[in-house]
Amino acid sequence: MDYIAARQGQILVKGKDNFNISCEKKSEAGSVSQRACVFCGSRVVLYPVADALHLVHGPIGCAVYTWDIRGALSSGPELHRNSFSTDLREKQVIYGGEKKLYESLIELIDRHEPKAAFVYSTCIIGIIGDDVNAVCKKVSQEKGIPVLPVHSEGFKGTKKDGYKAACEALFSLIGHGNIDNVSPVSINILGEFNLAGEAWMIQEYYKRMGVEVVAVMTGDGRVERIARSHGAVLNVVQCSGSMTYLAELMKEKYGIPYIRVSYFGIEDMAEALYDVAEHFSDYPEIRQKTEELVADELSELLPQLTAFRNDLEGKKAAIYVGGAFKAFSLIKALKHLGMTVVIAGSQTGNKKDYEMLQDLCEPGTIIVDDSNPLELSKFVKETGADLFIGGVKERPIAMKMGLGFVDHNHERKIALAGFKGMYNFAVEVHASVMSPIWNLRKEVL
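Note that the coordinates shown come from a computational prediction; the quantities given were computed from them, not determined experimentally.

Draft legend 1. Here's a closer look at the packing of helix H1 (residues 38-46) against helix H6 (residues 159-173). At a minimum axis distance of 6 Å, the contact between H1 and H6 shows a crossing angle of 45 degrees. Looking at the two axes, H1 sits oblique to H6. Like other packed secondary-structure pairs, H1 and H6 cross with a definite hand, here right-handed. Facing Val38, Gly41, Ser42, Val44, Val45 and Leu46 of H1, the residues of H6 in contact are Lys159, Asp161, Gly162, Tyr163, Ala166, Ala169 and Leu170. Looking at the contact of H1 with H6 residue by residue, the class counts come to 8 nonpolar, 3 polar and 2 charged.

Here it is as structure tokens:
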């Protein structure tokens, strides 16, 4: 296949190509990258804060990024499920949108009484130059709640820049809450968004271990919990692509160390719990409770996986996800089902991530950074993959290529984290790969 010349260094075949993959660079013009925009990056991180107002400052079209793109569940308020926009028109684009932003904030805060407000700047705001900071500061003083600008103007970068803007907004909330009653055995969970209730499952594990979770950022999020998160002893980062920057900020200002974990798959889920137990090694009972928890969960899970493995042994999978850390877990999880990964890629992986991917993958695996639909379709054809695991933008590729698909991103309604999630994942993979519809594929294509 002929690739865009500038992308040659972002694609390698393990065992064939002997170079370090090129990554952490802007997408090439004409590549039609699978990456999302800056605004989307900030939106998916902050949206699960359920008692906050989320106002999109821009044209109404940008408000299409609603709760539906990340169905984060809430145990209480559901203000986050509303999509508010300043609905800028030609008049505001010419004369400025600050007045409309101010009036929108005042009306919405009076009507909904949120604990805080996030104001997302879109592409057009970066062009017309509205002073969003000044408007937010004025409204915050008048209404007595945090009103936080999120500088997610799309033209300034990629989804990763949106993550950074979201982290900066969250960081401005942290440090204002009372931490008198925070346990000396306590953590924050960063980068867990409570899709299908996953944050609740993970919190239950830590509760069984005797560890207090001060705040989850941002699944089932509350402004008050975030404000006191600086009282936790350890930050546990699940989605490293989106939240490592916030963990670094908290480490620098509050001295809170952090660890990277994954809650997907058997080994990584268990390791995530053991790593926290290890951090609190002065409390040996936590280690003991962790061992009991993992043993209990595996005694139930492992026999259940045997039947799936019998059918899936030798099948081939393609993985293309946002952060590479998730790809690590998926490769390990698929091995438990007897499957081989033939394509592994991510939108935002760094050099160390791709070194790790090469270590985990078998020779012949295509490893790719910041790919596009044309490349991914070609890779599927070349490798004969039976399954594609990705997100909403990869789904059409799988459907058009006539192979099974498993959604492992924002829109899914099934919990895939934790030990229970590994069972759900096996059910999903088995149902997709073994569907009889694929027997008709050759007749149709």
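Draft legend 2. Spatial organisation of the pattern of salt bridges. A full pass over the atoms with the stated rule returns 17 salt bridges. One salt bridge connects Lys25 with Glu28, and the closest N-O pair in it is separated by 3.8 Å. Judged by its relative accessible area of 27%, Lys25 falls in the partly exposed class. On the accessibility criterion, Glu28 (25% relative accessible area) is partly exposed. Glu107 is paired through a salt bridge with Arg111; the nearest N and O atoms lie 3.0 Å apart. Residue Glu107 and its partner Arg111 are both found in helix H3 (residues 98-112); the two are separated by 4 residues, about one turn of the helix. Residue class for Glu107 comes out partly exposed when judged on its relative accessible area of 45%. Taking relative accessible area as the criterion, Arg111 reaches 58% and is therefore assigned exposed.

Draft legend 3. Spatial organisation of the environment of Gln10. Position of Gln10 relative to the elements: it lies in the segment before strand S1 (11-13). The spatial distance from the C-alpha of Gln10 to the C-alpha of Gly345 is 9.9 Å, given a sequence separation of 335 residues. The residues contacting Gln10, other than those within four sequence positions of it, are Ile21, Ser22, Lys25, Ile367, Val368, Asp369 and Asp370.

Draft legend 4. Structural detail: the nonpolar core. Ranked by size, the top nonpolar core spans 66 residues in total, and within it Ile187, Tyr206, Tyr263, Leu337, Phe419 and Phe425 carry the most contacts. Aside from chain neighbours lying at most four places away, what touches Tyr206 is Ile187, Ile189, Val211, Val213, Val236, Tyr263, Ala272, Leu273 and Val276. In this structure, Tyr47, Ala116, Leu170 and Leu190 belong to the second largest nonpolar core, which totals 37 residues.

Draft legend 5. Local environment of the sheet that holds strand S14 (residues 404-407). Judged by pairing direction, the sheet is mixed, and its 6 strands sit side by side in the order S1-S12-S11-S10-S13-S14 without closing on themselves. Strands at the two margins of the open sheet, each flanked by one partner only, are S1 and S14. Sheet twist, expressed as the average angle between the axes of neighbouring strands with direction ignored, equals 15 degrees. Of the pairings in the sheet, the one linking strand S11 (residues 340-346) to strand S12 (residues 366-369) comprises 4 bridges and is parallel in character. Residue Ser346 lies in a different strand from S12, and its bridge partner there is Asp369. Sitting on the sheet, helix H12 (residues 324-336) touches strand S10 (316-321), S11 and strand S13 (387-390), and the angle it makes with S10 is about 165 degrees. Of the strands in this sheet, S1, S11 and S12 are in contact with helix H13 (residues 351-360), which crosses S12 at around 165 degrees.

Draft legend 6. The arrangement of the packing of helix H10 (residues 266-279) against helix H11 (residues 284-312) in detail. At their nearest, the axes of H10 and H11 sit 10 Å apart, and the two run at 175 degrees to each other. The angle between H10 and H11 falls in the class roughly antiparallel. Contacts from Ile266, Ala270, Leu273, Tyr274 and Ala277 of H10 reach H11 at Ile286, Arg287, Thr290, Glu291, Leu293, Val294, Leu298, Leu301, Leu302 and Leu305. Partitioned by chemical class, the residues of the contact of H10 with H11 number 12 nonpolar, 1 polar and 2 charged.

Draft legend 7. Spotlight on the packing of aromatic side chains. Tallied over the full model, the rule gives 6 aromatic pairs. The cationic tip of Arg43 hangs over the ring face of Tyr120; the distance from NZ or CZ to the ring centre is 5.3 Å. When the ring centre of Tyr102 is taken as reference, the NZ or CZ atom of Lys138 above it lies at 4.6 Å.

Draft legend 8. Geometry of a nonpolar patch on the surface. Residues Val93, Ile94 and Tyr95 make up a contiguous nonpolar surface patch of about 360 Å² in total accessible area. For Ile94, the position within the fold is in helix H2 (residues 90-95). For Ile94, a relative accessible area of 58% corresponds to the exposed category.

Draft legend 9. Representation of the pairing of S11. Judged by how many residues are buried, S11 sits mostly within the fold: 6 of 7 residues are covered. Both S10 and S11 contribute to a ladder of 6 bridges, which runs parallel. Bridging from a neighbouring strand, Ile319 pairs with Ala344 of S11. Regarding the hand of the β-α-β motif, the stretch spanning S10, H12 and S11 is right-handed. Between the parallel pair S11 and S12, the chain is carried across by H13, and the sense of this crossover is right-handed.

Draft legend 10. Here's a closer look at H10. Here H10 spans 20 Å end to end across 14 residues, near enough to the 20 Å set by a 1.5 Å rise per residue. Within the sequence span of H10, burial applies to Ile266, Asp268, Met269, Ala270, Ala272, Leu273, Val276 and Ala277.

Draft legend 11. Quick look at the sheet that holds strand S7 (residues 212-218). Read across the sheet, 4 strands follow the order S7-S6-S8-S9 without closing on themselves; strand pairing throughout is parallel. Strands at the two margins of the open sheet, each flanked by one partner only, are S7 and strand S9 (258-260). Between one strand and the next, the sheet's axes are offset by a mean angle of 20 degrees, whatever the strand orientation. Two strands pair when backbone bridges link them, and strand S8 (residues 234-237) and S9 are joined in this way by 3 bridges, in the parallel orientation. Along S9, the bridge assignment pairs Val236 with Ile259.

About the thresholds
- Residues numbered from 1 in each chain as written.
- Predicted model: local features only at pLDDT ≥ 70, side-chain atom pairs only at ≥ 80, totals over all residues.
- Heavy atoms only, no water.
- Axes fitted to C-alpha atoms, helices over the stretch in contact; angles between N-to-C directions.
- Helix = DSSP H or I, 4+ residues; strand = E, 2+ residues; numbered from the N terminus.
- Parallel < 35°, antiparallel > 145°, perpendicular 65-115°, else oblique.
- Left-handed = near helix turned anticlockwise from the far one by under 90°.
- Contact = heavy atoms within 4.5 Å.
- Nonpolar A, V, L, I, M, F, W, Y, C, P; charged D, E, K, R; others polar.
- Salt bridge = Lys/Arg side-chain N within 4 Å of Asp/Glu carboxyl O.
- Buried < 20%, exposed > 50% of the residue type's maximum accessible area, 1.4 Å probe, protein only.
- Core = buried A, V, L, I, M, F, W, Y, C linked by side-chain atoms within 4.5 Å.
- Pairing = 2+ DSSP bridges.
- Phe/Tyr/Trp six-rings, centres within 6.5 Å; stacked < 30°, edge-to-face > 60°.
- Lys NZ or Arg CZ within 6 Å of the ring centre and 35° of its normal.
- Patch = residues over 30% accessible without salt bridge, like charges linked within 9 Å, V, L, I, M, F, W, Y side chains within 5 Å.
- Areas by Shrake-Rupley, 256 points an atom, 1.4 Å probe, with all protein chains shown as cover.
- Right-handed = clockwise from strand over helix to strand, strands pointing away.
- Expected span 1.5 Å × (residues − 1).

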